[in-house]
Each structure stands twice: as C-alpha cells, then as structure tokens.
Amino acid sequence: MIRVRLLIFNAALGPLDYRVPDGMVVEPGSVVVAPLGPRQIIGIVWEPDRLLTSAVADARLRPLLAVLPVSPLRSELRRLIEWTAEYYCAPIAAVARMVLASGGALKGPATVTEYRLSGGAPERMTPQRERAIAALEGEQATMRELAGIAGVSENVLRGLAGQGVLEPVLVDCDRPYPRAQPSHSPPVLSHEQQAVADTLVAAVQQNRFRPFLIDGVTGSGKTETYFEAIATALAQQRQVLVLLPEIALTEAFLGRFAQRFGAPPVVWHSSLKSTERRRAWRAITAGEAQVVVGARSALFLPYRKLGLIVVDEAHEVSFKQDEGVRYNARDVAVMRARFERIPVVLASATPALESLHMADTGTYEKLVLPSRYGVAELPHIDLVNLTEEKPEPGRWLAPRLAREMVQRLERGEQSLLFLNRRGYAPLTLCRHCGFRFQCPNCSAWLVEHRLSQRLACHHCGHETRPPETCPECGEADCLVACGPGVERIADEVAEILPEARVALVTSDTLGSPDKAAEFIAMAEGGAIDVIVGTQLVTKGFHFPELTLVGVVDADLGLEGGDLRAAERTYQQVAQVAGRAGRGAKPGEVLIQTRHPEAPVIAALAAGDRDAFYAAETEARRHAGAPPFGRWAAIIVSSEDEAEAREAARSIGATRPVQPDLQVLGPAPAPMALLRGRYRYRLLINARRSAGLQDVIRGWLGELKFPQGVRVSVDIDPYSFV
Ligand code: ADP
Ligand code: ZN
C-alpha cells in the first residue's frame, strides 16, 4: 500500500495521511482531492519527514479521490512555503493557500462564453437597451461582467443576445499571451547604466543565487537597466517576476514594458477578474507567462522556471502584508531567489536601512546609479519654516509656495502637492459642545470626504453622512472641519489658481487600473496643471513638465504608529521630490515644516542622504533595532475587552526570561479598538542570537485562549498601530 501525507488547507487540522488508490500516480507537490468527513478538501502531497503528525494505522487510511490537472509544486517552492511558515510563525496551510491562488485554474483547461455587440439593432429599442448598447461598444466579456460594465441587469443583456444584438464568442480560458521579444527595442544606455546592466546580464546568464541592490537616484534609469537583465532571461526561455508596490504604478510600467519588449507582461494583483486570474495562474505554472508583473501576492505563484526576480521601489512599506500571513515580500523574494538559485534585484532611490546594511556588509552586491539620465538634474530643495512663513488664516500653503505655483502655471509647467491624508479633513468637531466624530468600531476619528459627502473610517470602512446638526448637543451649523486632507488642499489650489486644472490623486480617485491609466495619460499630455495627492504620487511617476513639488506637511509622518517613522519620512519626501525636474527643465522642491531642525528634515534640505542614513544607523544600533537587533509584535484581540486584556496578561505573565531578549507590554495597542475588536500588544526586542521564532512558538504554544481571542505574531513588524 502507498500512503502519502497531505498538507491540507485547514490550519486547525494539521497534516493528514491518506492511501493512494491503485492506478493513481502522485509525487511530492501533487495537488489532490481527498475526503474529510463527508466533505472533499484540496491538499498538496508533501514529504512525510518534513511535515510531522501523529501516525495513523494503515487500515484506517482513506483513499485519495483525484489528482488535479496541474503540475506538481516544485521542491524549490515547497521549501519556500516551509521557510515562510517557519520564519513568520504562520500556519503552513495559510502560506500554501497563496500558491494555489486561483480555484478555477485547478480544474484544468476550460472555455468560457463571452459576448460582444454584433452590429445589429434590436427590434424594439428601450432606454435601457440603448444605454447598454452605447456602453458595450468595443467590450467583450461574460454576461455578468458586461452587465456590470453597462449598469443594466443580465436580463436586459439576455434579451439583446436573444435578438442577435449580442453575439456569443467561445473563448479558450487559457489562450496564450502575446510573446515579449527580448530585442524588440533596446535602449542606448549611458556608461553608468551599461555597467549596471552588464553585471545583471552576466548574473542571469550564470544562473545562480546573487542578490543585488540597485541604489540609483530618482530618474537614473533603474528600470532601463534591469530591463536588460529581463531581456537576457527571456532569451534563455526563463520566466521573470517583477514586484511593484502599487497597481497605479503597474499601469505606467506596462506601457514602458510594451515599448521595450513589443508586448505587455502578464499582470497579477488582487483585483483581477477570476477568468484573468485562472489564465495567468495556468500560464505561470505552464511556463508560458514570460514576465509577470504583480503585487506582493505574485511572489508565491508556482513559476515553472524562474530566471530572475526584481523588486522595484523595494523600500515601499506596501510589500509588507499586515494581515493573514504577515510577511515582507521584499525579504521573501530574496529567499525565493535563493531556493531557485537565481539572481534577485532590489531597486530603489531610497533603500531601506536593512537593505543598505546587507549591501554594506557584503551580503548583497550594490550597484550604484549616481546621476539622472540625460540632461535632467536632481531638483533643488528648500525648506519653508511654517512658524515664520505662515499661511494665511484658514490656509495651509505658505505664500512662497503659492507664488511658485502661480509662476509654474504662467510658464505652462506642472506642480505637485503632496499630503499623505485622504479626504477633506481628518477630524470634524462641534464648535458648540466639543463633540468629535469617532468611529464606533475603531479608535479613530472619522475623516470627512466632502466629494462623496460622507464621514468615513479609514480602518474599517464605517461611513455615515455628515449630519446637519451636532448629534450630541443638537446645535445647527456648528460642525467644523479641523486640519487639511488632500481635498481641502485642492480647494485651496482652486482659490489660488482659479484657472488651473487640478487632479486629485488618492486611492479614492485612482483605485482602478483604468483610472490610473487615464490620469497618467492626462498628466503626460499636459491636461493637468496641478496634481494634489497622497503617498500614491510619491511613486514612480515620470512627468517631464513637472517642475515644482510642494510637501504640504513634512512633519506628519513623524507622528503616528510607524516603527521606522524617520526613515519613512525621509523616503517619502525624497521620493516625491524625485518627481520634480525629470525632463529638461530644472526642478524645485519646497518642504513645509514646523521643525526645520529635526535631523531628518535637515538632511532632506541639505540633500545629505549619507548623513541621514549614518545618523539613523547609529540610532538603530543604539536601540538594538533592525538590522542590528530584531523585533516581533504579538497582537491579542477580542470583541470582548476583558477577554482580550486577560489573554494579553497571561501571555505577559509567561514571558520568556533570557538575557538576549526583552518583552515590552502588554499594553493597549495605539489602535485599542479596530474593526470592533479590542487590541493589546506586546513588543519583543531581541538580539540576533535569540532564536526569536522558536522562543515565540514555544511560549505561545503552551497557552490556551478562549475561542473569541485571536493572537497574531508579526515578525519584523512595520506598523505599530
Ligand atoms: P528610475 O526608475 O531610476 O527613477 P527610470 O528608469 O524611470 O528611472 O528612467 C527615468 C526616465 O529616463 C524614463 O523616462 C526613462 O525612459 C528615461 N531613460 C532612462 N535611461 C534611458 C536610456 N538609456 N535611454 C532612453 N531613455 C532613458
Ligand atoms: Zn472604523
């Protein structure tokens, strides 16, 4: 009898053993269907000695039901799954689930019927039909998707299909993607760029684990240089994964990629339609997807023959996942490259201190691009001390910044204002009784969104319409908006420059790839004079006519629950500054601050990156913070406040005592209430020698908690909320 051990998708149960029925062939990595009680579950065949469980007698084993028609997961990927689960103290099933990220793809090849306009007219026109026909021009999709696009019910569309106005098209779900050509349109590289590209190309040819950090100023052409490495991998018939931090960025990237390689890459992110998802997934396992560009979740897909991984804007916090499996895609990318024995490239103008440290200690090879490509120069940076140059009452932009914006408009150039706050105002209060609008589910103020006329919580999504009168004292016309968000800044710009065309760029306005593409086209085409945006505008955009960047409040990032606040502020401001003067015209950056003396602000003003990193490195060394020591957070939550407190207390009471590890807390989390759950936190600071994960596993593994309590571990945490 052949018995196998399965990793099953149920974190509570752990691995289970099964019998392989006669005639069925499986190997480690095979994806199979197995019975579990009356249900069927999906599992992955695993090496039994790597996945321990209590033995079950042969006679009691149930047989596997089927092998799914997908390639077995390769051992390199199985090792990555194990490593990720170990390192992040996460259930291995939860990690494996990220690999099998498309339920549809597991069912094998398939076709789907899509519909498109045939050009015919209906026998009888109704307003709904008219609307549908107008909206569906050039579209082809399933009934359900078309109904969404047209904003009518599927019944209306079925009526149109019945009359031949919509015609069916049978589509192969796995139809191949257009092929990228390595030598479609190569650039002429500068000497600096060529040197970097040559190193990367050689590494791809060598085909072994080599981690690189491209440390190149904004606009130096980092993308162009790693494109050469991609070309080499393509020529070798190997796959490439490029991780980007934002969908908004992906849009700009796709255009550039298609210009260079003659076809767009395969895209992977959370808002793909299920048909796109299954098509991408199958092409990835089949080795047909040549280059995959995606958000962090693309990292765990079952590539057949990876040749290169690139993490662009590698310093970005959005590579850190803060729920479910709390992993950092930047770090797991390096591990994946190690298991696959291929090169990995981290690219950034403002690398994380951890990455620079790895380069300085020789673990990563550092490749430097010290200057901008072509004639572009780095922008000139100046501080605006808000305690001296005060904005007019009720305004947030200092007179000097306003004057500079007027000049830009007169010269036909673009300005960009950065404020990392969505909405109109972060706090609304009653002038009469002092009542503040707070989220019922979270420890947070409700943010006013004037454009969509709502008060919203940015943590749980709770929304209400702003009332006419104060809900506390009943007074009318007494509610005041406190402080600015980007919408309020956009209003101020409209007062200063009534004729300017202003674009608001936040996740509220630029949430979809289409919207992002539209914005980029308008900004590039000169249809926008002033861009007002959140952290979204700090990333990757390249608008040659943009010559002025204003940072509305550089002090903002220094508040709040970020363990690396100074570094984050440095990165955000340096990145947004890097949007200025990328073309032939010089760029100017004005940073508004109330603390010009703060080391990070002073370093930004002086353009002295090295000084900032040196000071920050010393501070971290002193605090035993990463990369010198390690952090981990334990977050305890429950809908019942007493239950959460008690669970946190019992964790605190059993804390490990050892000289190289210190446990702080438990204490109420800064977000003491989040999505209706009360939260407590413990922070662990450990030396590198401490065996942090084993200590945590041993410690928490001993404890029992009530059903309603959730305990999650965050290794190398970023956020401290
Ligand atoms: P980074 O990613 O370092 O900020 P990019 O790769 O976006 O820089 O390059 C900045 C701009 O300069 C882009 O528009 C890019 O197309 C252009 N560029 C960079 N290098 C070259 C080159 N060798 N030939 C032509 N254009 C280049
Ligand atoms: Zn909330």
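Now for a quick tour of the structure. Since this is a predicted model, take the numbers as computed values, not measurements.

### Digging into the coordination of the zinc ion (ligand 2)
- In this structure, C439 (SG), C442 (SG), C457 (SG) and C460 (SG) serve as the protein donors to the zinc ion (ligand 2), at separations of 2.3 to 2.4 Å.
- Angles of 103 to 114° at the metal separate the four donor atoms of the zinc ion (ligand 2), which places the site in the tetrahedral class.
- The exposure class of C460 is partly exposed, given its relative accessible area of 27%.

### Structural notes on the state of the cysteines
- Applying the stated rule across the entire model yields zero disulfides.
- You can see C430 has no disulfide; the closest cysteine sulfur is in C478, sitting 3.4 Å from it.

### Focus on the site of ligand 1
- Around ligand 1 lies a shell of 15 residues, among which V188, Q193, G219, K222 and R256 are the nearest.
- Between ligand 1 and T223, the relevant distance is 3.1 Å, taken from an oxygen atom to a side-chain nitrogen or oxygen of the residue.
- Note that an oxygen atom of ligand 1 is positioned 2.7 Å from one of the side-chain N or O atoms of R256.
- Within the complex, the protein chains bury 81% of what would otherwise be the 550 Å² of accessible surface of ligand 1.
- Examining the composition of the shell around ligand 1, we find that three residues originate from one element, helix α7 (residues 222-235), more than from any other.

### Some remarks on the sheet that holds strand β14 (residues 365-369)
- Here seven strands make up an open sheet; going across it, the order is β10-β11-β9-β12-β13-β8-β14 and the pairing parallel. With partners counted over all chains shown, the strands left at the sheet margins are β10 (266-268) and β14, one partner each. The sheet shows a mean angle of 20° between the axes of neighbouring strands, taken without regard to direction.
- Where strand β8 (residues 210-216) and strand β13 (residues 343-348) come together, six bridges link them in parallel fashion. By the bridge assignment for β13, L213 is matched with L346.

### Let's talk about the environment of R210
- Here R210 is to be found in strand β8.
- The sequence separation of R210 and V334 amounts to 124 residues, and the corresponding C-alpha distance is 9.1 Å.
- In contact with R210, not counting residues within four places along its chain, are T199, A203, I342, P343, V344 and E365.
- A polar contact is formed between the side chain of R210 and the side chain of Q206, at a distance of 3.0 Å.
- Separated by 2.7 Å, the side chains of R210 and E365 make a polar contact.

### Things to note about the packing of aromatic side chains
- In this structure the tally under the stated criterion is 17 aromatic pairs.
- Here the aromatic cluster, defined as three or more aromatic residues joined through ring pairs, consists of Y226, F227, F253, F257 and F261.
- In this structure, R279 packs its charged tip against the face of Y177, placed 4.0 Å from the ring centre.
- Between R450 and the ring centre of Y424, over which it is positioned, the NZ or CZ distance is 3.7 Å.

### Observations concerning the side chain of S650
- Turning to its location among the elements, S650 is positioned in helix α18 (residues 641-653).
- Among the polar contacts listed, one links the side chain of S650 to the backbone oxygen of A647, at a separation of 2.9 Å.
- Leave out the neighbours within four places in its chain, and S650 touches L703 and F705.

### Quick look at the pairing of β8
- With seven of seven residues buried, β8 lies mostly within the body of the structure.
- On β8, burial covers both faces: R210, F212, I214 and G216 on one face and P211, L213 and D215 on the other are all buried.
- With five bridges joining them, β8 and β14 adopt parallel strand pairing. For I214, the partnering residue across the bridge sits in β14 and is L367.

What counts and how
Residues numbered from 1 in each chain as written. Chains lettered and ligands numbered in written order. Predicted model: local features only at pLDDT ≥ 70, side-chain atom pairs only at ≥ 80, totals over all residues. Heavy atoms only, no water. Donors = N, O, S within 2.8 Å, 3.2 Å for Na, K, Ca; no water. Tetrahedral: all angles 85-135°; square planar, octahedral: opposite > 155°, others 65-115°. Buried < 20%, exposed > 50% of the residue type's maximum accessible area, 1.4 Å probe, protein only. Disulfide = S-S within 2.5 Å. Near = heavy atom within 4 Å. Polar contact = N/O pair within 3.5 Å; in protein donor to acceptor, adjacent residues only side chain to side chain. Areas by Shrake-Rupley, 256 points an atom, 1.4 Å probe, with all protein chains shown as cover. Helix = DSSP H or I, 4+ residues; strand = E, 2+ residues; numbered from the N terminus. Pairing = 2+ DSSP bridges. Axes fitted to C-alpha atoms, helices over the stretch in contact; angles between N-to-C directions. Contact = heavy atoms within 4.5 Å. Phe/Tyr/Trp six-rings, centres within 6.5 Å; stacked < 30°, edge-to-face > 60°. Lys NZ or Arg CZ within 6 Å of the ring centre and 35° of its normal.

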